Amino acid sequence: MKLTIDDKVKIIRDFIPIAEPQFDGNEHAMRYVLWNLYIRVCDAMKSFVVLLDNQRYYDAFLIAGHALETCSVLSYINDNDTEAAQLENYNKYLARSAVGRLYAILEMEPNLERNSAWNAYVVMLKMFYPVGATIIRDNQNAEVKHKEISEKLKFRAGANVEKIKLLRNSYAPPRITEYIIAFSDNMDNVDEGQFKRYYTKYCNYKHSNMLAPGALSGDIGEEEIDWFINLVLGMIVYLKKTKFTFAAPPCR
């Protein structure tokens, strides 16, 4: 029997996340990050249903895109054969996230004279330093080069524009499309490449804003609504079928 839109929304509405794990403080930080990514996806599903209930289809489309981004990062870290491979992808994700925050801090100020900007910068540098070599552009002797670059970045003096240039020339920036493609390939028997297509459309909708179809009038057709509901169902399938070990012994 073919499911109606209401049938599909009910499946999403009835989805129950797994219980919050009991962390004892000895887990690797990766376990906490995985749990937070998981619960963010689950929370996005709740928001998605609320928006559909109120016929806010354009906004439902956007929150589904946010869920897809988050679910893709979750898959990128979690869906590996070994704990070592999980940790490698986690370190890359953390490094890309940290370098993105460093860009943001530096772009907001001409220099680091203000204590608030300097303090935020130091926190991000401390997070970035242990993992930054994983995303260095020239990966010949990556650890050595990362250390050399870090020595230049750690000083408070100087114009922020120079630090930004050094970061951009030295490290690969955050690339959400890499996570989306990996997730889509991982779920090929479910999404048949639709996650990648959806993400392209989501970015177009988000960045074109008022020029996007349905942004002003809410006139998004039933066929398109059914399409992005199906994609959310694909994420539900993923969350139900995948094994997560959030609270686990420390990674070795």
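What you see is a predicted model; the values in this text were computed from it and never measured.

A. Spotlight on the overall build of the protein. Check the secondary structure of the protein and you find 11 helices and zero strands. In sequence order, the secondary structure elements of the protein are arranged as α-α-α-α-α-α-α-α-α-α-α. Taken over the C-alpha atoms alone, the protein extends approximately 65 × 45 × 35 Å along its principal axes. Per-residue burial over the protein gives 44% buried out of 252 residues. Of all intrachain contacts in the protein linking residues separated by at least 6 positions in sequence, the fraction that spans at least 24 positions is 72%.

B. Geometry of the packing of aromatic side chains. According to the stated counting rule, one finds 11 aromatic pairs in the structure shown. On the basis of an interplanar angle of 80° and a centroid distance of 6.0 Å, the ring pair of F48 and F228 is categorised as edge-to-face. Taken together, the residues F48 in helix α2 (residues 29–53) and F228 in helix α11 (residues 222–241) connect sequence positions 180 residues apart. With relative accessibility at 0%, the residue F228 sits in the buried group.

C. Highlighting the packing of helix α3 (residues 57–78) against helix α8 (residues 176–186). Close contact between α3 and α8 brings their axes to 8 Å; oriented N to C, the two are set at 75°. Classified by the angle their axes make, α3 and α8 are roughly perpendicular. Only I176, E178, Y179, I180, F183 and N186 of α8 make contact with α3, whose side of the interface consists of L68, E69, C71, S72, V73, S75 and Y76. Considering only residue class, the contact of α3 with α8 consists of eight nonpolar, three polar and two charged.

D. Looking closely at the state of the cysteines. Scanning the entire structure with this criterion turns up zero disulfides. Not engaged in a disulfide, the cysteine C42 finds its nearest cysteine sulfur in C71; these two sulfurs lie 8.7 Å apart. On the accessibility criterion, C42 (2% relative accessible area) is buried.

E. Highlighting the pattern of salt bridges. Counted by the stated rule, this structure contains 12 salt bridges. Two residues, D226 and K8, come together in a salt bridge whose shortest N-O distance is 2.7 Å. A residue pair is termed long-range when its members are at least 10 positions apart, and D226 in helix α11 and K8 in helix α1 (residues 5–13) qualify at 218 residues. You can call D226 partly exposed: its relative accessible area is 21%. By relative accessible area, which is 9% here, K8 ends up buried. Note that R96 is salt-bridged to E178, the shortest N-O span being 3.1 Å. On the criterion of sequence distance, the pair formed by R96 in helix α4 (residues 83–107) and E178 in helix α8 is long-range, its members being 82 residues apart. Exposure remark for R96: the relative accessible area of 4% places this residue in the buried category.

Rules of the game
Residues numbered from 1 in each chain as written. Predicted model: local features only at pLDDT ≥ 70, side-chain atom pairs only at ≥ 80, totals over all residues. Heavy atoms only, no water. Helix = DSSP H or I, 4+ residues; strand = E, 2+ residues; numbered from the N terminus. Buried < 20%, exposed > 50% of the residue type's maximum accessible area, 1.4 Å probe, protein only. Contact = heavy atoms within 4.5 Å. Phe/Tyr/Trp six-rings, centres within 6.5 Å; stacked < 30°, edge-to-face > 60°. Axes fitted to C-alpha atoms, helices over the stretch in contact; angles between N-to-C directions. Parallel < 35°, antiparallel > 145°, perpendicular 65-115°, else oblique. Nonpolar A, V, L, I, M, F, W, Y, C, P; charged D, E, K, R; others polar. Disulfide = S-S within 2.5 Å. Salt bridge = Lys/Arg side-chain N within 4 Å of Asp/Glu carboxyl O.

Honestly, it's all geometry; don't read function into it.
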